[in-house]
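Chains, contacts and geometry: an overview
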Amino acid sequence: MPGFLVNLLTDGPLYESTFRLAVVLAFAAVGEWVAERAGTINISVEAMLLGGHFGAAITFTAMPNFALAIAVGGMIGVFIAALQAWLSHFLTADQFGIGLTLNILLLGLAAFLQPRFDLDTQLASVASIPLLSDIPVLGPALFGQRWPMYAIYAFVPLTWWLVKRTNWGLEVRAVGEDPQAADVSGINVNARRRQTILYAGLLSGVGGAVYLFGQVGRFESSNIGGKGIIAIAAVIFGGWTLRGAVAGCLLFGYVDALRLNLPMILGYSLNSQLLASLPFLATIVVMLLFARQTRQPAALARPFVRGLK
Amino acid sequence: MNMVLRSAIGRLRFGSDQRELALLYVACLVGALLISLLLIEFNGSSWSRAVNALVDGAFQSPGRWGETLRRTAPLLVVAVGSSVATKAGIVNIGQEGQLLVGAMGGAFILTLVQPGTPIMLVLGIALGAVAGALWAGLAGVLWYWRRIPIVLSTLLLVYLASQMAAFTLTRGALLLNVVPGEPNRLLQSAAVASGSRLGIIEVFGNRFSLSVPIALVIALAFSWLLSRTTWGFRLKVLGLNSRTAQRAGVSHFRYGMSAILVSGAMAGTAGAMMLAGGESQYKFSSGFSSSVGWDGLLVSLVARNSPILAVPVAVVFAALRSGSMFLSVAGIEAVLVDVVRALLVVALFIPPAISELRRKRRAMARQTERI
Amino acid sequence: MVLEAGRIYGILGQNGAGKSTLMKILIGLVTLDSGEIYMDGQRVLVKSPQHAADLGIGMVHQHFSLVDALTVWENVVLGDRSNRLDAARARTIVAEIGGRYGLEIDPDSCVGSLTAGQRQRVEIIKCLRRNPRVLIFDEPTSVLTMEESEQLFAVLRQVVRDEGGTAALVSHRLEEVLQATDDVVIMRDGRIVAEMPTSGSSLDELARAMVGRDVRLHTSDAHHMRHGAGAGSDVVLRLSGVTVTSRRGGTVLDGLSLTVRAGEIVGVAGTEGNGQRVLADVLSSLCKVTTGTVEVGGVAVETGRAGAMAAAGIGVVPEDRHDSGCVLDMTVAENLMLTSLDRVSSRGALDRPAMRKSAERLISQFGVSCPSPDVPMWTLSGGNQQRVVLARELSVRPKVLVAAQPMRGLDVSAIEYMGDRLREAANAGVGVLLISSELDEILHLADRIVVIYKGAIVGEMRNEAVDMTRLGMLIGGAT
């Protein structure tokens, strides 16, 4: 047994897989983190991921330019986020109902439009960072990936800076903790909330595109299946801190990678349904063990209308 | 931009609240249909062919009425269960999984116990209800014990349920129908024993099972339960103001859990009834739920969580589903219907949201100010 | 209304007179329908709080302006238009303004952990840093001890003198206005009915102008004293050593013990923020105690269990009826029957006609003004909503009635009505616990006065033998 464990812990490809799967989760989770700090919950990040994923595939088929496709993916994510934001935080429709409907809508759209396009996509080229990717075990995982993956290294600190070091971020945090006080202080509560949702849309859209070019290479509508939800779980697992959300993504990415790599490591095949269930089971178990509600933004999931509590 | 929109909305006056609401609904419906039109045209076919195919498939062609009714039943039952949960303020969106688990549970009795008898039918459906309730109850336990949001856990459980269902169909010891001498190409269960099937009603060549009247009864029963019993009253209090509920003796756990269990039971019942009523030739397979759970949720959203209103809305949704069978004949993807229906729901969110907003603003103006 | 530089104005008026709305217009939270506002001779239209700050109008709010989870300096700069967040500069601002006006506060402490007096300092610093020329204080002293109020008035005086601006002190407390202002503006029913310099005005004059008729002031009238009330009767409510720790670890109630006897009115005096809200929550089954017991009629009641307190015979008229007193979206009849559903149902089925009849009876008995029992609760005025809550609580014949800040937000006649009803309940043998931060109310109604400070009862005295100095000291925390 110990030999097996050593194999498990030093399996380079396993970590590479982990990183790739964690990245798509992280794009969604980091964006949703900002939105949840403002007090909103957007289960439509699933739709935003899918929209970016699909949009990038279509764009690349039309014009084989990775950067363009990723940008379009991001814009589609923003568009979907705009629907969610406008309907729930301008018109005060129920944010869960809207999120759910958008998810269903996107799934239907993807299934409907996919046969229309003869999708032709490919993986982006690997860009190993010279010295760093030679570090044993973790090197290739962190620094030997296809180049779109590295975008996450920029977005995480950027997001941290936005929320912790700008006025906008301070207002976002205020809005999520005490929207009445923020309102009286002159902040447009719902506008801030909508902006954070748009940000989540941008990140998730880009994340879906990066996933296409960095991990899967080919569009299947089942590629995203549930990743948005797991990303939200990662935010909760992390106690609504950025660090925690990223840690959650790594953890869930690891479990997802296990699903793909365990049979190879062990040398024999495992029950495929059990493997496929692993990410979701792990999410539940992890939340059971680690979810702490004390750091939850006080106004989370409570819509704001001025004058009414 | 928002300021312009806001004042535009504020300035819309149509004389009476009802008229305004009706106009909003019409405007939004038209908008959704226009987008659907665009999609159809983009597809290369004409919308008139699409509409004809839909109407043909849903009502006109012989026997299609029955198909529509058949599909209405589980949608209605799921929607009714969802209304109960929403009234109590619980966001249970895992009905797709609860339905699958219910069908799975029912399948154990319905397909495996030979010979079939009406008692087995009842037991099968009951087991389906219990299974659905437990699946939803799991999410409830996770909330009351560890504060894991129900919206999240019910969604995760949907994915788990489909894996579980697939699993039961890989083992002959479970639900897989192993035909001796033939390789297992179709992953499905045995058919429901003929004695355990729901009776078929035939009206003018339209065939549907007893699940339709049963669903109607369930809708009426819950409408009564929600509006005319202390249980329903207390559920409403819990959903509208949980602190006042606590003060008035409505235990969050007891009433919240009961709402979750009921909504899960309804989804499970719908699944079991689908199986016993003839869905997919009485055989359980891994795609069995075919989005009925999601659709049922959408029905209840559109029907504003009223079991009675859910009846006509469920019929409309069912018509879209049965109509979609004929779309391929007209050269259109059946999946279009999925898109149209989601578009409709999005559009239908708008009018009640606007009127809620304005009502709240007016209510605020009426309050005596504090000091 | 004209506000001149260098003077402090008191805006006086009862609840519902329009003072709050007027201030909200000035600060940009409410838009006016007609009329003009001029600053320094220029016509202005205040569009938002941000705009008001730019114009030089600043308000120190009574509630709802500070975010608990953020630090002092973060709250002070909240709402700024700049893009960069400069923590160092913010801290300097806090130190500088605090030092200038004697409002010292640690910039890095979390607002949630501050006392009410400290929070107000943060509010003032937040307001002053924009260098307002028009300073508005909204009911500032309800959370302050007498000593802190004095300090506040000194700050006010200094600011007005230093900045050459003007200040408006919005209040419904007559003594306070007399003490701190130069001129008084009196509002009634949405218009200004009188303006006069403070010196030379008397309490009676102000009170009469405020209400429009002669009004009995809230003093310890012998006429209303119920001598010996409660003496010798049974203890209906007893709290022993009740301690409640909040989720964040702070002690909210600290070994609180008090008793209420049948037929007596016990007034819990003290400035806001000393545990009154949690005390009411405990007695409403909304909060679980960490240690200690609650006994009704000698029988211990489980805390935190839904409906246990109500079932044991404790009725509560809560501080915030929208939060836990009623369900706004339900009808008046449904709200009236909230706690007595078993009386209007048989074997689980609601008897709607019976509900309606009971509701109609209560509506007429308590004079609730509403077109029918089937209208939604949110259509009623604040005073009527309070009547509905009171009616519901009294209709089940409780042993104890807890009234938390019951007169808040009510106009004069509603206040008189509430007072009468409370006294009537006491006369009928109910033990009444009146929790209020308005000393007037306590003095007017209570038989026995206890003082709550930092979550514990620190002293008590009978109303007929009240020692105002000692009372003031207890409220302020001195022993």
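Residues numbered from 1 in each chain as written. Chains lettered and ligands numbered in written order. Predicted model: local features only at pLDDT ≥ 70, side-chain atom pairs only at ≥ 80, totals over all residues.

This part covers the overall build of chain A. A tally of regular secondary structure across chain A gives 13 helices and zero strands. For chain A, the C-alpha radius of gyration of 19 Å lies close to 19 Å, the compact-globule estimate for 309 residues. Considering only C-alpha atoms, chain A reaches an extent of 65 × 45 × 40 Å along its principal axes. With 309 residues in all, chain A has 56% of them scored as buried. Relative to all contacts within chain A whose residues are 6 or more apart in sequence, the contacts with residues 24 or more apart total 78%. (Helix = DSSP H or I, 4+ residues; strand = E, 2+ residues; numbered from the N terminus. Rg over C-alpha atoms; globule rule 2.2 N^0.38 Å. Buried ≥ 20, exposed ≤ 12 C-beta atoms within 10 Å, placed from the backbone. Contact = placed C-beta atoms within 7 Å.)

Helix and strand counts for chain C come out as 17 helices and 20 strands. Against the globule reference of 23 Å for 479 residues, chain C gives a C-alpha radius of gyration of 24 Å, in line with a compact fold. Looking at chain C residue by residue over its 479 residues, the buried ones come to 51%. When contacts within chain C are restricted to residue pairs at least 6 apart in sequence, long-range pairs at least 24 apart make up 67% of them.

Moving on, we get to the sheet that holds strand β6 (residues 166-171) of chain C. Residue and element names in this part refer to chain C. Read across the sheet, six strands follow the order β4-β5-β6-β1-β7-β8 without closing on themselves; strand pairing throughout is mixed. Two strands close off the open sheet at either side, each with one partner strand: β4 (57-60) and β8 (191-197). The average undirected angle you get between the axes of adjacent strands in this sheet is 20°. In the sheet, strand β1 (residues 8-12) pairs with β6 via five bridges, with the strands oriented parallel. Along β6, the bridge assignment pairs I11 with V170. (Pairing = 2+ DSSP bridges. Axes fitted to C-alpha atoms, helices over the stretch in contact; angles between N-to-C directions.)

All right, on to helix α13 (residues 272-290) of chain A then. Taking 1.5 Å as the rise per residue, α13 of chain A with 19 residues should run 27 Å; its terminal C-alpha atoms sit 27 Å apart, in good agreement. The sharpest bend along α13 of chain A reaches about 45° and sits at L278 of chain A, with the proline P279 of chain A one to four residues further on. Regarding α13 of chain A, the residues found buried are S277, L278, P279, F280, A282, T283, I284 and M287 of chain A. Along its buried surface, α13 of chain A packs onto α11 (227-237) and α12 (242-266) of chain A together with α7 (150-168) of chain B. (Expected span 1.5 Å × (residues − 1). Bend = angle between axes of the 7 residues up to and from the residue.)

Residues L25, A29 and A234 of chain A, L76 of chain B together with V402, V432 and L434 of chain C are the most contacted members of the largest nonpolar core, which totals 377 residues. With 16 residues, the single largest contributor to this core is helix α2 (residues 12-37) of chain A. Residue assignment places this core across two domains, with domain 1 (8-211) and domain 2 (222-476) of chain C each supplying three or more. Residues within four places of V402 of chain C in sequence aside, it is in contact with A280, L283, I314, G315, V316, L433 and I435 of chain C. (Core = buried A, V, L, I, M, F, W, Y, C linked by C-beta atoms within 7 Å. Domains from an automatic or database assignment.)

Residue and element names in this part refer to chain C. On domain assignment, one finds that chain C holds domain 1 (8-211) and domain 2 (222-476). Placing a centre on the C-alpha atoms of domain 1 and another on those of domain 2 gives a separation of 32 Å. The interface is formed by twelve residues belonging to domain 1 together with eleven residues belonging to domain 2. A per-class count over the side of domain 1 that touches domain 2 returns five nonpolar, six polar and one charged. (Nonpolar A, V, L, I, M, F, W, Y, C, P; charged D, E, K, R; others polar.)

Taken together, the contact pairs 19 residues of chain A with 23 residues of chain C. Contributions of two or more residues to the side of chain A that touches chain C are made by α8 (167-177) and α9 (179-184) of chain A. Counting residues per element, the side of chain A that touches chain C draws most heavily on α8 of chain A, at six residues.

Below, the discussion takes up the pairing of strand β9 (residues 235-245) of chain C. All names here are of chain C. Pairing of β9 with strand β10 (residues 251-261) involves seven bridges; the strand directions are antiparallel. The residue of β10 that forms the bridge with R238 is T259. Bridge analysis of β9 against strand β12 (residues 291-296) gives five bridges, and the strand direction is antiparallel. Residue pairing for β12: L237 is matched across the bridge by V296.

Compared with an ideal rise of 1.5 Å per residue, which puts 25 residues at 36 Å, α12 of chain A spans 34 Å between its outermost C-alpha atoms and is within 8% of the ideal. Of all bends in α12 of chain A, the biggest is about 50°, found at L260 of chain A, and the proline P263 of chain A comes one to four residues later.

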